[in-house]
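# An overview of the molecular structure
Single-letter residue listing:
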Amino acid sequence: MTTIDLNAGAVAPVAREVELGELRVTGTVPDDLEGVLVRNGPNPLSGRFEGEGMLAWWPEAAMLHGIAFSGGQATSYRNRWLRTQRWAQAYAPDNTAAWPDTNPNVNVLRHAGETLALAEGGMPLAITSTLDTVGLARRHRGAAQGMTAHPKVDPQTGELMMFHAGWRPPFLRYGVADKAGEPTVDMEIPLAEASMMHDMAITETHSILLDLNVGYDFSMLQRGHRMPLRWHDERSARLGVIPRHGGEIRWFEIAPCFIQHVVNAYDEDDTTIVLDAIWYPSFLRLTSDGRAFEDNPLGTLRRYRIDLAAGTVREYRAADEGIELPRINERCTGRSYRYFYAVEQPSTVEMRGIVRFDWDGGSFERCALPPGDQNSEPVFVPRRGATSEDDGWLLCCVYRQATATSDVVVLDAGNVAAGPIATVHLPTRIPAGFHGAWLPNNG
Ligand SMILES: [Fe+2]
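Below is a short write-up of the structure. This is a predicted model, so every value here is computed, not measured. (Residues numbered from 1 in each chain as written. Predicted model: local features only at pLDDT ≥ 70, side-chain atom pairs only at ≥ 80, totals over all residues.)

### Here we look at the overall build of the protein chain
When you go through the protein chain residue by residue, the secondary structure sums to three helices and 33 strands. Whereas a compact globule of 443 residues would reach a radius of gyration of roughly 22 Å, the protein chain reaches 21 Å, a difference of no more than 12%. Summarising its shape, the C-alpha atoms of the protein chain cover approximately 55 × 50 × 45 Å along the three principal directions. Contacts in the protein chain between residues at least 24 apart in sequence constitute 54% of all its contacts with a sequence separation of at least 6. (Helix = DSSP H or I, 4+ residues; strand = E, 2+ residues; numbered from the N terminus. Rg over C-alpha atoms; globule rule 2.2 N^0.38 Å. Contact = placed C-beta atoms within 7 Å.)

### Structural notes on the sheet that holds strand S33 (residues 436-440)
With antiparallel pairing, the five strands of this open sheet are ordered in space as S1-S5-S4-S3-S33. The sheet is open, and its two edges are formed by strand S1 (19-20) and S33, each paired on a single side. Across eight bridges, strand S3 (residues 35-42) lies against strand S4 (residues 62-70) in antiparallel orientation. Among the inter-strand pairings, proline 42 is bridged to a residue of S4, identified as alanine 62. (Pairing = 2+ DSSP bridges.)

### Looking at the environment of threonine 130
Within the secondary structure, threonine 130 sits in the loop between strand S8 (125-127) and strand S9 (133-136). Given 15 C-beta atoms within a 10 Å radius, threonine 130 is considered partly exposed. It is 32 Å that separates the C-alpha atoms of threonine 130 and isoleucine 278, two residues lying 148 residues apart in sequence. Leaving out residues up to four positions away in the same chain, threonine 130 has contacts with Gly66 and Arg78. (Buried ≥ 20, exposed ≤ 12 C-beta atoms within 10 Å, placed from the backbone.)

### Focus on the environment of serine 282
Within the secondary structure, serine 282 is located in the loop between strand S21 (272-280) and strand S22 (300-307). Remark: the alpha-carbon pair of serine 282 and glycine 299, spanning 17 residues in sequence, is separated by 9.5 Å. When sequence neighbours within four positions are dropped, the list of residues in contact with serine 282 reads Trp231 and Pro297.

### Overview of the sheet that holds strand S20 (residues 258-269)
If you trace the four strands from one edge of the open sheet to the other, you get S20-S21-S22-S23, paired in antiparallel fashion. The two strands at the open ends of the sheet, each matched to only one other strand, are S20 and strand S23 (312-317). On average, each strand axis in the sheet is tilted by 20° relative to the strand beside it, whichever way the strands run. The pairing of S22 with S23 spans six bridges and is antiparallel. (Axes fitted to C-alpha atoms, helices over the stretch in contact; angles between N-to-C directions.)

### Let's talk about the environment of alanine 201
Here alanine 201 is to be found in strand S14 (residues 201-202). Between the C-alpha atom of alanine 201 and that of leucine 239, which follows or precedes it by 38 residues, the distance is 10 Å. Once you skip the residues sitting within four places of it in the chain, alanine 201 turns out to touch Lys152, Ile208, Val262, Asn264, Ala265 and Leu275.

### A look at unusual backbone geometry
With an omega dihedral of -10°, the bond running from proline 169 to proline 170 counts as a cis peptide bond. Checked against the element boundaries, proline 170 lands in the loop between strand S11 (160-165) and strand S12 (172-177). Phi at leucine 284 takes a positive value of approximately 50°, unusual for a residue other than glycine. Among the secondary structure elements, leucine 284 is positioned in the loop between S21 and S22. Residue leucine 284 is classed as buried on the basis of its 21 C-beta neighbours within 10 Å. The residue alanine 404 is not glycine, and still its phi comes out positive at about 55°.

### Comments concerning the nonpolar core
Grouped together as the largest cluster of nonpolar side chains are 121 residues, with contacts concentrated most on Ala117, Ala265, Leu275, Ile354, Leu394, Leu395 and Leu411. When neighbours within four sequence positions are excluded, leucine 395 is seen to be in contact with Leu37, Pro378, Val379, Val381, Val408, Val410 and Trp438. (Core = buried A, V, L, I, M, F, W, Y, C linked by C-beta atoms within 7 Å.)

### Focus on the pairing of S3
Of all eight residues in S3, eight are buried, a share of seventy percent or more. By the bridge criterion, five bridges tie S3 to S33 in an arrangement that is antiparallel. Residue leucine 37 lies in a different strand from S33, and its bridge partner there is tryptophan 438.

Given below as structure tokens:
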């Protein structure tokens, strides 16, 4: 795998927590942006990564970054490590037991009045919109004390669907929480062995789980790898379709692949489910000597059409461009939709460019970035009183190589190619992380 210096460029960690007041802006911040863009990602407590590669980066301590917008201005920036036992060992060693033993460094989600920091499998933490750690979530405890970083919320019923995949039995649990965040479904799904599952999908009637070609290999730990995950040719790739409120899961075998992120899914008719995803023909594949990973290929857009009546699934290559970190207007989650937004990947080591894909015509619209810069996922924020799917804004953090600082750009989601309508200039850097969320002030 191409080696990246984790202590340089877009991924380099920051060493301090800071607070900044009103921020310099080029352009015009829409005055209906009232809320906070929160980002989550790994940032070592020492301010410096040890080791190299994705698996040295991924497990590090969770740091949140928040950029607040109000009244047509970018009013503040703040960053905070989550208060966990790991944080306390570095910064409050006299009382580490007071803090939760979890490290939710992947995503942020607000549901049922609780704002959660989420990670793969660990316990969610409740946070405030000013990035203070409240503690373990009061309601969203997940299944078997854990929850995916990518639960899905039905925009109409308010239900939250999630899973918990672990390396110890039970390998997979599926759960639903109602619109108040209280669990209504918590069930084990039999799996023969542990599987790396990162994302899931929902429709109005079903949930879809992904049991693919990346699984565990604990012998890797003896060979010096930090995490025991790799591609397995001998595994079957399967889509698991389960009625939303539980029942029998049906598995549909697909061509070998890994899906890191789902775009969306929906019921096309009474017996057909469409699933759109970013697809990899291999992922975390070890080199022949087992010492390192091959470069992952670029992820591309693939559509699956699952026929529940015939018991078949067909797959379609929808586009060839390298893309990742897809986001949609979340009012369309689990529903027929037309647009999604994503990060462009010109190469395996670049997240550079913001795209909008239109399923009507199958074309990309682009906002390009200069070589050397890198950007996060574009988070969709609906315009106040929006009446159409793409009537809103995209908020995206951009690392500027020339100044080693970050900007936050605001794009018109309906006209991505026009470029930013506002650029917030931070005097500091928001390191490349995983995911984030828009937390509206009135939400
Ligand atoms: Fe993710």
